Amino acid sequence: MSLKYLLISFMSLLLLEVSTLASSIKDSVSFGVNSYNDNADVQVYSPTLALFKKVSHEWMVGFSMRIDAISAASIRNGANAGHVDAVTAASSTEDALYDDIRYAPTVMATYDDGENMLSFGAYYSSEIDYIGKAVFMNYVRQLNEQNTAIGIGIAQSFDTWNPVYDRELPKDNRNETKIDFSVNQLISPTFSMQAIYSYMYSEGFLSSPYHYVLQDNIAKFENYPDTRVGHAFALKGVYLLDSANAMNFSYRYYFDDWDISSHTVNIEELHDFSSKFTSGIRFRYYTQTKSNFVQDIGSYQVNDAYFATDYRMSAFDSYTIGIPFIYRLDSGDKVTASIDYYQTTDNEYIQSWYGVNNITAVFTTLSYEFDF
Amino acid sequence: MSFFENGIKAKVMSTQLIIEANVSKKTLFEALEWSKKFEATFSAYNEESLLCKVNQNAGLKPIICSDEELELFTKALDMAEASDGVFDPTVGALSQGLYGFGKKSAKIPTYKELQSARKLVNYKNLIINHKEVYLKEKGMKLDFGGIGKGYVADKIINYLQTKGATKALVNVGGEIATFGKRYNIALKDPYSKGNLAIVKTLQSPLCISTSGDYERFIASKKNHHILDNKTAKQNHYYSSVTIIQNGIDCTLLDAVATIVFNTSQEFLKDISQKYGVAIIAVVESGEIYFENFKSLNIEGVELFAL
C-alpha cells in the first residue's frame, strides 16, 4: 500500500505541471515507464500514459493511466518479508510473474483564461488489498501582471482496505484530506519563489494490516491512532544562474500530532549542454523524529494502546541523489529520463522487519512526449 | 528479483521460477534458458514438444530421445516402480485426456469415461529402450506434472554448484531446494492466503515439496488435480502435504508428495521411512500430522501463532 504514495506523487507532479503550464499547454501525449527496486525485495515496473487535449480556448481535459506491476516479498511470502525467503505450496493453476498489478487511472479538466486557472479531477486505483479513490481541485489566480500567483488546492481520498490473509480490521476505511495554500512570486527576471502551507488530516485504519510486533510474550498487529493531523510549510525556488544553468531548491518542514516532525531539503542543478540536451544532478535530504507511540524493539507491554514496527514511525534520515536527462528532438518531441538512488540511515526497525540494515532503492523514469 | 540481489525471477512452466545464488547474472540466465528449454521439451500443452510426440505416437512407434531427455523418463518410471504405481507418469490419459487440468476445455468426466480411461494408466506399458521411449497402448498419455518441477529444481541446483555457487535457493513453483545459507521456508496455509509454518533450514542442502487440493481443481476442491491412479478418482485424506528431506533430490520429493497425498494417514510413517523423508500433512479438520522429523537436520519448525 505504501506504493500509493508514488501515485500521489505522480498526481502532484501532474497538477504542478498543469498549474505551471496551463495557458501554454498544447494537445499532447506522453508515455513511458518507471521502475522502483529496493533491497527489501520490492520491485515495481510502471508503464504510464498521459493525454492532454484542448477542447476550447480555455478548457483542456486530461487522462492518465499508470499500471504498477509489483513484485514484493511481503505479498508473495505472507506479510513478513524479512522472515520468509520462499513459500512452498500446491501447484497453482497459473502463477503470475508479478505479485500484484495496480491500475490507476486519473481524469482531469482545466479551465484557464489567463488570469484564473482551475483544475479538478479524480483518480482511482485498484490493487490486491486496497482501493484508492480521490477527487482533487486546484485554483490559481494570477495577480500583479502575472508576477504573483496565489493558489489553493484540495484533495480528498476515500480509500478502502481489503486485506489478504483473512486479517480482520477494526475498520477498513482510510480517508485523507489535504489542503494547500500557495503564493508564487517572481522576485526578478531570473528568480522566482513559491511558499506553500499544507494541512493534512487522515482518519481510519492508518497502520499496515500486516506488520506486527512479535516479542516473547506479545504477538500484536500494528495499531496506530485513528486520526492524524499534519501541517507542512515549504519554500521552493527557481534561480536562473545564466543562460545555460538553472537551480531548483526547496525546503519543507512538517509536523503532526503524532509528534513526527521532519525537514526535507531538495536541490537540483540543471545545465543545457546544447540546445537539445539538458542534464544535471539533484540531491535530497530528509530527516524525521519518531512518533510518540513507537517504542524500542522488545519493550512493548501487552496492554499498550498502540503498537508500531514500521520504520516510518521511528526516527530516521534518508538521502537521495539523482540525475535527470532531457532530450529535445528536432520535431519538438521530448524524451525525459532520470535515475535516482535512495538510502536510509541504519535503523533497528528496518533490521528487525526486512533483515537489512537500511533501505536502499533505485528508481528510474523514462518518457516520450509529443504534441499532436 | 531485486536490482540489489543476485537472483532472477521468471515465469516458466506456468509458474514462478526464482533463483538466488552467489553466481554471475550470466550463470543465472543460463539456468533460466535451460528451464525454458526443458519446458519446450516436456510441455503437455505444446504439440511440438517431445512429450506430446511420445503421447501422439502411443501404440504406434517409439520416439528417439537424447540421453539428457531420457533421464526424466527413467526417473519417472523408477518412481512408478518403487511406489507400485501410486505415482504413475502415465496418468495423462486421465489428467490431460479426460479432465484437461490446465486447459480451457477442463471438465468433470463421467464415471464411464473415467473407468474406460483408467485402463490406459499403467506405467508397465511405458517402455524405455536405450534411446527410445514408447507407450504401448494407443490413447496413453504421459504427464510429468507430478515430477517435472522437482526435476527442474534439481538440475538448476546442480548447474549452480558446477558454476561455483556456495549458497543458493531455487524455487520452482513451490518445489524448493536450498544450500549454503540458513533460509526460512514458509508452508502455505491451505485454508487462507497466509502461511501455516516456517521451516528454518541450516546451511546443509535441503529440499521441500508440497502437494495440495486447494489450487488446481475443477468447480470445487472435490475435483482436485491429484488423481488416484487405481480408482481414477480423487482422494481427500489431506488438504496439503509437505515433504522435506536433507540433500538435493526434489525429483524424489515431488513424486513422494503425490504418493503421500494418495495414501491414508495410517501409512504415513511407513512412507516417511521408506523414502527417508519428513512429512507435514494437513487434514481438512485442521489437524496437522508431523512424521519423521527426527531424521531432519534443520534448525526447527515455527508454527505461526498469529
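Please read these numbers as outputs of a predicted model, since none were measured by experiment.

Enquirer: Please give an account of the overall build of chain B that cites residues and values.
Expert: Each helix and strand counted, chain B has eight helices and 18 strands in total. Here the contacts in chain B between residues at least 6 apart in sequence split such that 61% fall between residues at least 24 apart.

Enquirer: Talk me through the nonpolar core; I want residue IDs and the actual numbers.
Expert: Counting 94 residues, the largest nonpolar core has Val170, Val256 and Val260 of chain B as the members making the most contacts within it. Mapping this core onto the domain boundaries places at least three of its residues in each of domain 1 (50–135) and domain 2 (168–303) of chain B. In contact with valine 260 of chain B, other than residues within four places in its own chain, are Val241, Ile243, Leu268, Ile271, Ile279 and Ala281 of chain B. Formed by 14 residues, the second largest nonpolar core is a distinct cluster that contains Tyr36, Phe316, Tyr354 and Ala361 of chain A.

Enquirer: Account for the sheet that holds strand S15 (residues 240–246) of chain B, with residues named and values stated.
Expert: All names here are of chain B. The sheet built from eight strands is open, its strands ordered S1-S2-S6-S7-S10-S15-S16-S17 with antiparallel pairing. The open sheet is flanked by strand S1 (7–12) and strand S17 (288–291), the only strands paired with a single partner. In this sheet, neighbouring strand axes are inclined to one another by 10° on average, regardless of whether the strands run parallel or antiparallel. Looking at chain direction, strand S2 (residues 15–21) and strand S6 (residues 168–172) are connected through five bridges and run antiparallel. Counted as the bridge partner of isoleucine 18 is asparagine 171 from S6. Sitting on the sheet, helix H7 (residues 250–261) is in contact with strand S7 (175–179), strand S10 (206–212), S15 and strand S16 (278–282), with an inclination near 30° to S10.

Enquirer: Break down the confidence of the model for chain B for me, citing the residues and quoting the values.
Expert: Confidence along chain B averages 89 in pLDDT terms, with 97% of residues attaining 70 or more. Our summary of model confidence lists the complex with pTM equal to 0.69 and ipTM equal to 0.87.

Enquirer: Which residues make up the packing of helix H4 (residues 92–99) of chain B against helix H5 (residues 111–118) of chain B, and what values go with them?
Expert: Residues and elements named next belong to chain B. At a minimum axis separation of 9 Å, H4 and H5 run at an interaxial angle of 140°. With respect to H5, the element H4 is oriented oblique. Remark: the crossing between H4 and H5 carries right-handed chirality. Across the interface between the two elements, Ala93, Leu94, Gly97 and Leu98 from H4 touch Glu113, Leu114, Ala117 and Arg118 from H5.

Enquirer: Describe helix H1 (residues 25–42) of chain B, with residues and values.
Expert: Residue and element names in this part refer to chain B. Taking 1.5 Å as the rise per residue, H1 with 18 residues should run 26 Å; its terminal C-alpha atoms sit 26 Å apart, in good agreement. Three or more residues of H1 are buried, namely Thr27, Leu28, Ala31, Ser35, Phe38 and Phe42. Along the axis of H1, the buried residues cluster in a sector spanning 105°; they form a single face. Exposed and oriented more than 90 degrees from the buried face of H1 are Lys25, Lys26, Glu33, Lys37 and Ala40. Contacts from the buried residues of H1 go to S1, S2, helix H2 (50–56), helix H3 (67–82) and helix H6 (148–162).

Enquirer: Lay out H6 of chain B with the relevant residues and their values.
Expert: Residues and elements named next belong to chain B. Across its 15 residues, H6 extends 21 Å between first and last C-alpha, which sits within 8% of the 21 Å expected from 1.5 Å per residue. Of all 15 residues making up H6, 12 are buried, and the element is well covered by its neighbours. Residues of H6 that are buried include every one of Gly148, Lys149, Gly150, Tyr151, Val152, Ala153, Asp154, Lys155, Ile156, Ile157, Tyr159 and Leu160, and no others. Phi turns positive, to about 95°, at glycine 164, one or two residues after H6.

Enquirer: Could you give me a rundown of the environment of aspartate 180 of chain A, with the residues and numbers involved?
Expert: All names here are of chain A. Along the chain, the position of aspartate 180 falls in strand S9 (residues 173–188). The sequence separation of aspartate 180 and methionine 200 amounts to 20 residues, and the corresponding C-alpha distance is 8.8 Å. Ignoring sequence-local partners within four residues, the contact set of aspartate 180 consists of Ile152, Gly153, Ile196 and Ser198.

Enquirer: Help me get a handle on the environment of leucine 186 of chain A, residues and values and all.
Expert: All names here are of chain A. Residue position: leucine 186 is located in strand S9. A count of 16 C-beta atoms within 10 Å places leucine 186 in the partly exposed class. C-alpha of leucine 186 to C-alpha of glycine 237: the two residues are 51 residues apart in sequence and 9.8 Å apart in space.

Enquirer: Break down the packing of H7 of chain B against helix H8 (residues 268–275) of chain B for me, citing the residues and quoting the values.
Expert: Residue and element names in this part refer to chain B. At their nearest, the axes of H7 and H8 sit 11 Å apart, and the two run at 165° to each other. On the basis of their axis angle, the class for H7 and H8 is roughly antiparallel. The element H7 and its partner H8 pack so that their crossing is right-handed. On H8, the residues that touch Leu252, Val256, Ile259 and Val260 of H7 are Leu268, Ile271 and Tyr275.

Enquirer: For the sheet that holds strand S5 (residues 132–135) of chain B, give the residues involved together with the corresponding values.
Expert: In sheet architecture, strand pairing relies on hydrogen bonds along the backbone and comes in two forms, parallel and antiparallel. All names here are of chain B. Read across the sheet, three strands follow the order S3-S5-S4 without closing on themselves; strand pairing throughout is antiparallel. Two strands bound the open sheet, and with one partner strand each, they are strand S3 (63–64) and strand S4 (126–129). Its contacts with the sheet put H3 on S4 and S5, and the angle it makes with S4 is roughly 130°.

Enquirer: Which residues make up the environment of isoleucine 271 of chain B, and what are the values?
Expert: Its place among the elements puts isoleucine 271 of chain B in helix H8. Considered as a pair, isoleucine 271 of chain B and glutamate 291 of chain B are 20 residues apart in the sequence and their alpha carbons are 9.5 Å apart.

Enquirer: For the pairing of strand S5 (residues 100–112) of chain A, give the residues involved together with the corresponding values.
Expert: Here is the key point about a regular strand: its side chains alternate between the two faces of the sheet. Residues and elements named next belong to chain A. Residue alternation in S5 divides its side chains into a buried set, Asp100, Arg102, Ala104, Thr106, Met108, Thr110 and Asp112, and an unburied set, Ile101, Tyr103, Pro105, Val107, Ala109 and Tyr111. Both strand S3 (residues 59–72) and S5 contribute to a ladder of 12 bridges, which runs antiparallel. Bridging from a neighbouring strand, methionine 60 pairs with threonine 110 of S5. With eight bridges joining them, S5 and strand S6 (residues 116–127) adopt antiparallel strand pairing. Residue tyrosine 103 lies in a different strand from S6, and its bridge partner there is serine 126.

Criteria and cut-off values
- Residues numbered from 1 in each chain as written.
- Chains lettered and ligands numbered in written order.
- Predicted model: local features only at pLDDT ≥ 70, side-chain atom pairs only at ≥ 80, totals over all residues.
- Helix = DSSP H or I, 4+ residues; strand = E, 2+ residues; numbered from the N terminus.
- Contact = placed C-beta atoms within 7 Å.
- Core = buried A, V, L, I, M, F, W, Y, C linked by C-beta atoms within 7 Å.
- Buried ≥ 20, exposed ≤ 12 C-beta atoms within 10 Å, placed from the backbone.
- Domains from an automatic or database assignment.
- Pairing = 2+ DSSP bridges.
- Axes fitted to C-alpha atoms, helices over the stretch in contact; angles between N-to-C directions.
- pLDDT = per-residue confidence, 0-100.
- Parallel < 35°, antiparallel > 145°, perpendicular 65-115°, else oblique.
- Left-handed = near helix turned anticlockwise from the far one by under 90°.
- Expected span 1.5 Å × (residues − 1).
- Arc of directions from axis to C-beta.

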